[in-house]
Amino acid sequence: MRILSLLLLFSLSLAAQAADPVEAFIQRMSKTHGFDATELRKVLGQAQKRQDIIDRMNRPAERTLNWGQYRRIFLKEKRIAQGAEFWKRNQAALERAEQTYGVPPQYIVAIIGVETFYGRIAGKDRVLDALYTLAFHYPKRSRFFTGELEKYLILAREEGLDPTKPKGSYAGAMGLGQFMPSSYLAYAVDFDGDGKRDIWNNETDAIGSVANYFARHGWKAGLPVTTPVSGVKKIHQKYLDAGLKPRFTLGQLRQAGLSLDPALGDDLATALVKLVTEKGPEYWAGLDNFYVITRYNHSELYAMAVYQLGERIREARKQ
């Protein structure tokens, strides 16, 4: 009889956990990662369900921006000038990042410029609130954000952070380079050697982390990012339909009748990218390093904004 009672209590406990996803999460974190369940309840008890975060996740874009509109957001003189200033005060760290990871300074600076305007717009939402809300109150992305909440609590423990303090975007992206917790654990580095990976306030760590992200996603040192293509016609649609991942070579594009920079070798892998503007389409060869930029944000508009902003910042530095 006593065994039956214990089995019944155990079954009721499992049912209660299934009915309460937060408690089930706490129990899993305790068993899998050694978190103290009581302490974790206290932490998650301070998290707030934020309806405004759910609304922002659900809010459709008011319009789909074309390249001309998108470019005007990021390629502004103020962002270029402040990028040059960021480069100047972090020159040593940027040079070391290039030596270590092979990524030129202009693209590291441009990522931070596009993501947070060099730290000025890094997000005002508590990361704990964002991830808690999306993990437990946003069913269609619950699995993803539950995983990110798990990673966030792990990184907070590893870095000695109070998990209720850090702020970021409404989706839980953090720091100057806007890393999700999983990216933080995988790619953030202590680039100044002070024992902490501080991507919120430490520009050196943010620089090293962005460069490491690019390197780990296949950045090829010394190779170009993209180059204009002309002569595109309807017969070339198959190249456009193939997506952003390089699946052809520049030689194949040339054999198909397309014109591009003759200084670039035929063996370079590429994708053919179309960008729409008010004046008509632009066509570009998106090489391997262009594709690496899209690993940060899977958008040809984003990758081109990073590329062109970086080049404009580099030119401003020369001047």
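Residues numbered from 1 in each chain as written. Predicted model: local features only at pLDDT ≥ 70, side-chain atom pairs only at ≥ 80, totals over all residues. Heavy atoms only, no water.

Draft legend 1. Focus on the packing of helix α5 (residues 67-74) against helix α16 (residues 300-318). For the pair α5 and α16, the least separation of the axes is 10 Å and the interaxial angle reads 45 degrees. When the interaxial angle is binned, α5 and α16 end up oblique. Relative to α16, the crossing made by α5 is right-handed. Of the residues in α16, those touching α5 at Trp-67, Tyr-70, Arg-71 and Phe-74 are Leu-301, Tyr-302, Met-304, Ala-305, Gln-308 and Leu-309. Split into classes, the residues belonging to the contact of α5 with α16 amount to eight nonpolar, one polar and one charged. (Axes fitted to C-alpha atoms, helices over the stretch in contact; angles between N-to-C directions. Helix = DSSP H or I, 4+ residues; strand = E, 2+ residues; numbered from the N terminus. Parallel < 35°, antiparallel > 145°, perpendicular 65-115°, else oblique. Left-handed = near helix turned anticlockwise from the far one by under 90°. Contact = heavy atoms within 4.5 Å. Nonpolar A, V, L, I, M, F, W, Y, C, P; charged D, E, K, R; others polar.)

Draft legend 2. Quick look at the packing of aromatic side chains. As enumerated under the stated definition, the model contains 19 aromatic pairs in all. Taking the centre distance of 6.2 Å and the plane angle of 20 degrees together, the rings of Tyr-107 and Tyr-307 count as stacked. One end of the pair, Tyr-107, is in helix α8 (residues 105-116); the other, Tyr-307, is in helix α16, and 200 residues separate them in sequence. Three or more aromatic residues link up through ring pairs in this structure, and these residues are Tyr-107, Phe-179, Tyr-187, Tyr-213, Phe-214, Trp-219, Tyr-296, Tyr-302 and Tyr-307. Looking at Arg-96, its charged tip hangs above the ring of Phe-191, at a distance of 3.8 Å from the centre. (Phe/Tyr/Trp six-rings, centres within 6.5 Å; stacked < 30°, edge-to-face > 60°. Lys NZ or Arg CZ within 6 Å of the ring centre and 35° of its normal.)

Draft legend 3. Molecular detail of helix α10 (residues 142-159). Between the first and last C-alpha of α10 there are 25 Å, a value that for 18 residues agrees with the 26 Å anticipated at 1.5 Å per step. Listed in full, the buried residues belonging to α10 are Phe-145, Thr-146, Gly-147, Glu-148, Leu-149, Glu-150, Tyr-152, Leu-153, Ile-154, Leu-155, Ala-156 and Glu-159. Looking at the buried residues of α10, the elements they touch are α2 (21-33), α3 (37-45), α4 (51-58), α9 (127-136) and α11 (181-187). (Expected span 1.5 Å × (residues − 1). Buried < 20%, exposed > 50% of the residue type's maximum accessible area, 1.4 Å probe, protein only.)

Draft legend 4. Region of the structure containing helix α7 (residues 91-101). For α7, every residue scored as buried is listed here: Ala-93, Leu-94, Ala-97 and Tyr-101. Angular distribution of buried residues about the axis of α7 spans 100 degrees; they occupy a single face of the element. The exposed set on the far side of α7, more than 90 degrees from its buried face, consists of Ala-92 and Gln-99. Looking at the packing, one finds that the buried side of α7 touches α6 (77-89), α8 and α12 (203-216). Phi turns positive, to about 80 degrees, at Gly-102, one or two residues after α7. (Arc of directions from axis to C-beta.)

Draft legend 5. Spotlight on the side chain of Thr-227. Structurally, Thr-227 can be placed in strand β3 (residues 226-228). Excluding anything up to four places from it in sequence, Thr-227 contacts Leu-260, Asp-261, Leu-264, Trp-284 and Ala-285.

Draft legend 6. A look at the pattern of salt bridges. What the rule picks out here adds up to 17 salt bridges. Put simply, Arg-50 and Asp-125 hold a salt bridge, and the shortest N to O gap is 2.6 Å. In this pair, Arg-50 is assigned in the loop between α3 and α4 and Asp-125 in strand β1 (residues 125-126), connecting sequence segments 75 residues apart. Per residue, the accessibility class of Arg-50 equals that of Asp-125, and both read buried. Between Asp-266 and Arg-254 there is a salt bridge, and its shortest N-O distance comes to 2.5 Å. (Salt bridge = Lys/Arg side-chain N within 4 Å of Asp/Glu carboxyl O.)

Draft legend 7. Just the nonpolar core, in detail. Formed by 87 residues in total, the largest nonpolar core has its most connected members in Leu-44, Leu-149, Phe-179 and Phe-214. At nine residues, α16 tops the list of elements feeding residues into this core. Excluding anything up to four places from it in sequence, Phe-179 contacts Gly-172, Ala-173, Met-174, Tyr-184, Tyr-187, Ala-188, Ile-199, Ser-209, Val-210, Tyr-213 and Tyr-296. Judged by nonpolar contacts, the second largest core, of 15 residues, contains Leu-240, Phe-248, Leu-264 and Leu-272. (Core = buried A, V, L, I, M, F, W, Y, C linked by side-chain atoms within 4.5 Å.)

Draft legend 8. Expanded view of the sheet that holds strand β6 (residues 280-287). The four strands are arranged β3-β6-β5-β4 in an open sheet whose pairing can be described as antiparallel. Since the sheet does not close on itself, it has two edges, and those belong to β3 and β4 (248-249), each with one partner. Sheet analysis places β3 next to β6, joined by three bridges and oriented antiparallel. When the bridges of β6 are listed, Thr-227 appears paired with Ala-285. Seen against the sheet, α5 touches β5 (269-277) and β6 and runs at an angle of roughly 90 degrees to β5. In the packing of α16 onto the sheet, the strands contacted are β3, β5 and β6, and the crossing angle to β5 comes to about 95 degrees. (Pairing = 2+ DSSP bridges.)

Draft legend 9. The arrangement of unusual backbone geometry in detail. Although it is not a glycine, Phe-117 sits at a positive phi angle of roughly 55 degrees. One can find Phe-117 in the loop between α8 and β1. Judged by its relative accessible area of 13%, Phe-117 falls in the buried class. Residue Tyr-118 is not a glycine yet carries a positive backbone phi of 65 degrees. When you line up the elements, Tyr-118 lands in the loop between α8 and β1.

Draft legend 10. Seen up close, the pairing of β5. Across two bridges, β4 lies against β5 in antiparallel orientation. Within the sheet, the bridge partner assigned to Thr-249 lies in β5 and is Ala-269. Pairing geometry for β5 and β6, over eight bridges, is antiparallel. What sits directly across from Ala-271, in β6, is Gly-286. Two successive antiparallel strands, β5 and β6, enclose a turn made up of two residues.

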